[in-house]
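# Remarks on the overall topology
The primary structure of each chain is shown beneath.
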Amino acid sequence: MNKQAKRKVSTTCPYCGVGCGVQASIQGNDLIATTGDQRHSANLGRLCIKGSKLPETGGHAGRLLYPQVAGQRVSWDQAVKSAAEGLQGIIDRHGPESVAFYLSGQLLTEDYYVANKLMKGFIGSSHVDTNSRLCMASTVAGHKRAFGADAVPGCYEDLELADLLVLVGSNAAWNHPVLYQRIQAAKQERPELKVVVIDPRRTATCDLADLHLALKPGTDSLLFNALLVHLAENQYLDHEFICNSTDHFTDSLLTALAEAADLKTVASQLDVPEHQLMTFFNWFAETPKTVTLFSQGVNQSSSGTDKVNALINCHLATGRVGKPGSTPFSLTGQPNAMGGREVGGLANQLAAHMGFSSEEVTLVEEFWQAPRMARQEGYKALDLFKAIHRGDIKAIWIQGTNPLVSLPDSQFVREALEKCELVIVSEAMAETDTMEFADIALPATTWSEKNGTVTNSERRISRQRGFLPAPGEARHDWQILCQVAKALGHGEAFNYQSPAAIFREHAALSGFKNQGQRCFDISGLQHLTDQAYESLQPVQWPVNSSNPLGTERLFTQGKFFTASQRAQFLSIQSRPPEQKLDPAYPFRLNTGRIRDQWHSMTRTGRSAALMQHRSEPFIEVHPEDAAQVGLQDQGLARVSHPQGEYLGRVRFSEGQRPGEIFLPMHWNRQFTGKGLCNQLIEQICDPVSGQPESKQGRVQLEALKTSWQAQLLVAQPLKKPLPATYLAEQPLTNSHSYVFAGSQAVEDWSGWCEETLGQRPQMHLQTSQEGPFRAAGFDQGQLAWVLAVSRERPQLAIKEIDQQFASSSLSPEARQALFTPSEHQAEDQLICSCFQVSANQIKQAISEGQDTPELLGQSLSCGTNCGSCLPEIKSLIEQEVPHGITELV
Ligand SMILES: Nc1nc2c(c(=O)[nH]1)N[C@H]1C(S)=C(S)[C@@H](COP(=O)(O)OP(=O)(O)OC[C@H]3O[C@@H](n4cnc5c(=O)[nH]c(N)nc54)[C@H](O)[C@@H]3O)O[C@H]1N2
Ligand SMILES: Nc1nc2c(c(=O)[nH]1)N[C@H]1C(S)=C(S)[C@@H](COP(=O)(O)OP(=O)(O)OC[C@H]3O[C@@H](n4cnc5c(=O)[nH]c(N)nc54)[C@H](O)[C@@H]3O)O[C@H]1N2
Ligand code: SF4
Ligand SMILES: [Mo]
């Protein structure tokens with residue numbers, strides 16, 4: 001028993017950009033619980049499922065523990081020497097422009113600052129880009145064009161103060177759950193608060209919506225142009241604001257008029273009913289307190305920057321920027337995408353929100369005392385990987401991101417990394433798709449071990465505090481960078497003793513010769529002592545002499561950071577997606593996130609609880625399309641494109657527009673055979689921001705013909721991949737599950753067991769040669785594996801069988817039960833991950849009269865902890881009791 005005293009540490013959640021404060025309870029070296037920090041203003045005590053399951057995703061299993069060079073364990077000294085010599089050799093032969101860093105919005109600000117300074121000031125290359133290019137780049141560009149600075153004007157409180165919330169391309173219920181819960185609570189208190197969701201899919205977020213505009217993908221600019229026209233034609237403009245605080249309104253309106261003058265035509269181009277459009281326009285026009293929240297449905301587009309500006313135009317036209325309850329609001333994705341933008345992690349930024357003008361380069365050069373300043377913009381992510389593929393860039397150092405999974409056209413990325421002379425990867429986990437290509441692998445500490453700051457969506461800087469020791473020989477990212485910098489001969493400029501020292505320098509640079517010209521200014525924090533840094537309370541930038549306690553809202557005086565100090569209207573001509581449908585590839589491919597997984601699953605994929613909500617790579621498809629193509633619900637299908645294919649399990653969804661399918665972005669080679677959706681996305685990006693068009697692919701869809709499907713539960717994960725056409729892996733509490741399928745008939749399954757599992761079955765059951773086959777093996781009386789094979793997906797009672805893996809010996813009844821077919825499973829779905837409540841249990845309770853979320857919560861506890869599943873519970877009620885929920889407009 002652990003007798004060590006318990007302690008609590010306040011820190012920040014490592015997942016989404018809501019940036020919730022977390023109270024971590026620690027006993028000895030174990031994180032035993034996480035709860036929401038009541039005092040943190042982002043979440044006021046709330047946590048979503050990912051935050052509350054943090055203890056399950058920690059642990060040292062699967063971690064990268066030691067440095068490796070060419071696959072061999074080496075000392076840190078050797079690894080640092082290899083990295084530095086490798087980089088220097090390439091720089092000597094081919095110049096600084098031949099090396100690059102690819103960073104991540106999940107690094108802490110201090111890590112990021114050091115990486116950027118090393119590359120742009122001391123190595124002399126500006127090829128530093130980040131996964132934020134795939135995430136926020138269009139917003140960054142849109143903000144800069146409109147406001148002259150990459151700054152979110154408002155704060156979270158505005159969502160509660162608003163009378164109308166418009167969510168554009170955001171599934172906040174799953175992706176920003178705590179903000180969604182704040183909206184939900186506000187609506188409960190003030191039912192007159194209206195919510196509009198603009199998304200081609202009907203998502204969990206629509207559960208709160210008074211109106212859902214299921215527009216045709218990629219038509220958002222046209223929608224906001226039409227709104228601008230409506231506002232102008234119906235006298236809803238704020239003339240004073242337009243006159244005093246903006247430029248180019250007339251041009252922008254004329255451009256909008258040219259394409260969006262006629263509502264009927266616009267409605268048909270958007271493919272939404274005219275009356276719905278009118279309702280939205282009227283609500284927007286008549287509600288001064290409107291907040292428009294936007295996320296990846298806007299950004300990840302070949303015209304993402306224009307979409308951002310088209311919606312900001314409508315806010316400028318009505319003077320609704322930076323006012324309480326009234327502002328455009330970009331929902332940031334990653335925990336520190338904002339911090340990365342602040343230090344200059346993007347290739348077209350220099351540092352502290354400065355660009356590459358000669359004055360700015362000189363200013364930063366002077367501050368850093370930099371010997372080799374990069375003087376012009378570097379390659380943005382897609383161009384960076386193209387340059388690697390061409391051989392122009394010969395060394396890349398990847399830190400805190402998994403580009404093999406997240407960049408479009410995975411096969412191209414694979415080829416690029418195969419060709420690259422030197423690939424250095426700083427990673428927390430030993431096995432990821434990208435790690436396969438690491439010539440030098442550097443073990444990094446991660447959340448719970450590292451110390452620093454992150455900035456959330458509302459510009460709030462919070463501390464992440466380390467409270468557990470580093471596993472193995474893992475080191476902090478900033479330390480690794482400083483060691484390599486030293487080995488490259490830049491010891492003096494990288495002689496930091498702590499993250500606090502780095503933060504002070506970053507804060508000082510933000511204020512250096514600023515004189516109110518740059519919005520990002522945290523000079524008020526440049527003299528923090530180590531102790532003050534340690535206890536730093538969450539604070540919103542700017543923090544300077546004028547705003548020593550931080551700043552809730554920006555642009556409140558109608559002054560912006562453009563040359564004229566006025567906000568800029570942009571003239572936007574809407575453009576359709578660049579990935580064009582054709583008869584060979586007739587389906588529009590939408591990609592995105594699911595509730596319980598985080599990106600490439602390196603953490604959340606290890607939690608049995610989080611893997612149950614969706615346990616296989618899937619394909620969401622409208623039943624009409626399914627009928628046309630010949631797909632069964634829960635059957636297997638292939639999604640294809642000339643670049644590659646994706647195999648997954650079909651899920652019928654009425655919330656999907658016909659002709660469009662949705663794939664999760666998460667699955668990859670660590671969890672499945674061919675379930676990587678970025679195989680299918682083309683390398684097309686927004687010309688201004690360089691952000692890929694990840695949401696509008698084009699694909700073909702067909703049933704996957706297999707002659708058998710199987711499920712194998714084993715005590716330990718298999719060392720070799722299973723030979724199968726389709727494969728999906730899932731960790732369970734006491735065992736490991738593989739669902740797989742094949743097109744080649746297997747004559748002798750017992751022989752297969754011997755070959756694959758090293759053991760013939762000790763129990764087996766087969767009713768006929770073609771009939772279902774079930775088998776089990778034991779190791780000294782303990783269950784070692786269970787296999788079920790049938791024509792369709794086998795229905796194993798996996799929860800019960802998984803429990804048997806924990807017992808030292810099985811009774812004859814328990815052995816028999818291994819083969820009892822389950823009534824639920826494949827068709828059942830885990831809804832509440834906190835209390836492990838499935839859809840069938842909830843449906844049963846609804847049929848017994850428990851037809852409200854409250855009653856279900858009382859009887860099954862579902863939805864009563866983190867609340868992330870409440871939208872799904874409500875939609876089950878609606879499905880079972882059709883009158884349970886008010887009809888949408
Ligand atoms: N559970 C979970 N939460 C996360 C993450 C995670 O991996 N898992 N990741 C975090 C990160 S980094 C990010 S960036 C955020 C992203 O958060 P979101 O932007 O909410 O995430 P997505 O699911 O990628 O996309 C949002 C929606 O855009 C819609 N969409 C697609 N095409 C269009 C279009 O043409 N127009 C409009 N209006 N909508 C469209 C999609 O149908 C989808 O529902 O989530 C963060 N939170
Ligand atoms: N098709 C499609 N593609 C997309 C998207 C989409 O919606 N559709 N969304 C895009 C968006 S918005 C994003 S943000 C990206 C995200 O994509 P990625 O950034 O590639 O995804 P992650 O899985 O978050 O990668 C983080 C990696 O860092 C490792 N890691 C964790 N902590 C640390 C640490 O402290 N230090 C170091 N060095 N490593 C650490 C993790 O193990 C993991 O391998 O995907 C993008 N790609
Ligand atoms: S909403 Fe959830 S994932 Fe996002 S920061 Fe809060 S607890 Fe973490
Ligand atoms: Mo993101």
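If you're wondering where the values come from, they're calculated on a predicted model, not measured in any experiment.

### Description of the pattern of salt bridges
Inspection of every chain in the model, using the stated rule, returns 44 salt bridges. A salt bridge links Asp-306 to Arg-145; the nearest nitrogen and oxygen atoms lie 2.7 Å apart. Taken as a pair, Asp-306 in helix 15 (residues 304-317) and Arg-145 in helix 5 (residues 137-147) lie far apart in primary sequence, 161 residues in all. Note that Lys-874 and Asp-207 form a salt bridge whose closest N and O atoms lie 3.6 Å from each other. Within this pair, whereas Lys-874 is found in helix 30 (residues 870-880), its partner Asp-207 is found in the loop between strand 9 (194-198) and strand 10 (211-213), the two being separated by 667 residues in sequence. Counted as one network, the salt bridges with shared partners bring together Glu-157, Asp-158, Glu-552 and Arg-553.

### Quick notes on the site of ligand 3
Taken together, Cys-13, Tyr-15, Cys-16, Val-18, Gly-19, Cys-20, Leu-47, Cys-48, Lys-50, Gly-51, Pro-177 and Val-178 make up the full set of residues adjacent to ligand 3. Judged by the proximity of its atoms to the pocket grid, ligand 3 belongs to the second largest cavity. If you list the elements that add at least two residues to the shell around ligand 3, you get helix 1 (49-52) and helix 8 (177-189).

### Description of the domain arrangement of the protein
Under the domain assignment, the protein is made up of domain 1 (6-57), domain 2 (68-135 + 336-498), domain 3 (137-330), domain 4 (587-703), domain 5 (708-817) and domain 6 (830-880). The C-alpha-based centres of domain 4 and domain 6 are spaced at 26 Å. Ranking the residues of domain 4 by area buried against domain 6 places Arg-595, Gln-612 and His-613 at the top, with a combined share of 79%. Counting every contact that joins domain 4 to domain 6 gives one salt bridge. For the salt bridge of Glu-872 with Arg-595, the shortest nitrogen-to-oxygen distance reads 2.7 Å. Where domain 4 meets domain 6, there are six residue pairs in polar contact (both at pLDDT 80 or more). Considered class by class, the residues forming the side of domain 4 that touches domain 6 number one nonpolar, two polar and three charged.

### A word on the side chain of Asp-306
Of the residues examined, Asp-306 reaches a relative accessible area of 12% and is grouped as buried. Within the local environment of Asp-306, its side chain forms a polar contact with the side chain of Arg-145, the two groups lying 2.7 Å apart. Among all residues touching Asp-306, those that are not within four sequence positions of it are Arg-145, Ser-221, Ile-572, Gln-573 and Arg-575.

### Points about the sheet that holds strand 30 (residues 763-766)
An order of 28-29-27-32-31-30 is seen for the six strands of this open sheet, with the pairing classed as antiparallel. Here the strands that pair on one side only, and so sit at the sheet edges, are strand 28 (726-731) and strand 30. For this sheet, the mean inter-axis angle between neighbouring strands, taken without regard to orientation, is 10°. For strand 27 (residues 708-714) and strand 29 (residues 736-742), the ladder comprises seven bridges, and the chain directions are antiparallel. For Val-714, the partnering residue across the bridge sits in strand 29 and is His-736. Docked against the sheet, helix 25 (residues 749-757) engages strand 27, strand 29, strand 30, strand 31 (773-779) and strand 32 (782-790), running at close to 135° with respect to strand 32.

Calculation notes
Residues numbered from 1 in each chain as written. Chains lettered and ligands numbered in written order. Predicted model: local features only at pLDDT ≥ 70, side-chain atom pairs only at ≥ 80, totals over all residues. Heavy atoms only, no water. Salt bridge = Lys/Arg side-chain N within 4 Å of Asp/Glu carboxyl O. Helix = DSSP H or I, 4+ residues; strand = E, 2+ residues; numbered from the N terminus. Near = heavy atom within 4 Å. 1 Å grid on protein atoms, 1.4 Å probe; cavity = no way out; pocket = protein on both sides within 12 Å on 5 of 7 lines; lining within 4 Å. Sits in = over half its atoms within 2 Å of the grid points. Domains from an automatic or database assignment. Buried area = accessible area lost by both parts, 1.4 Å probe. Polar contact = N/O pair within 3.5 Å; in protein donor to acceptor, adjacent residues only side chain to side chain. Nonpolar A, V, L, I, M, F, W, Y, C, P; charged D, E, K, R; others polar. Buried < 20%, exposed > 50% of the residue type's maximum accessible area, 1.4 Å probe, protein only. Contact = heavy atoms within 4.5 Å. Pairing = 2+ DSSP bridges. Axes fitted to C-alpha atoms, helices over the stretch in contact; angles between N-to-C directions.

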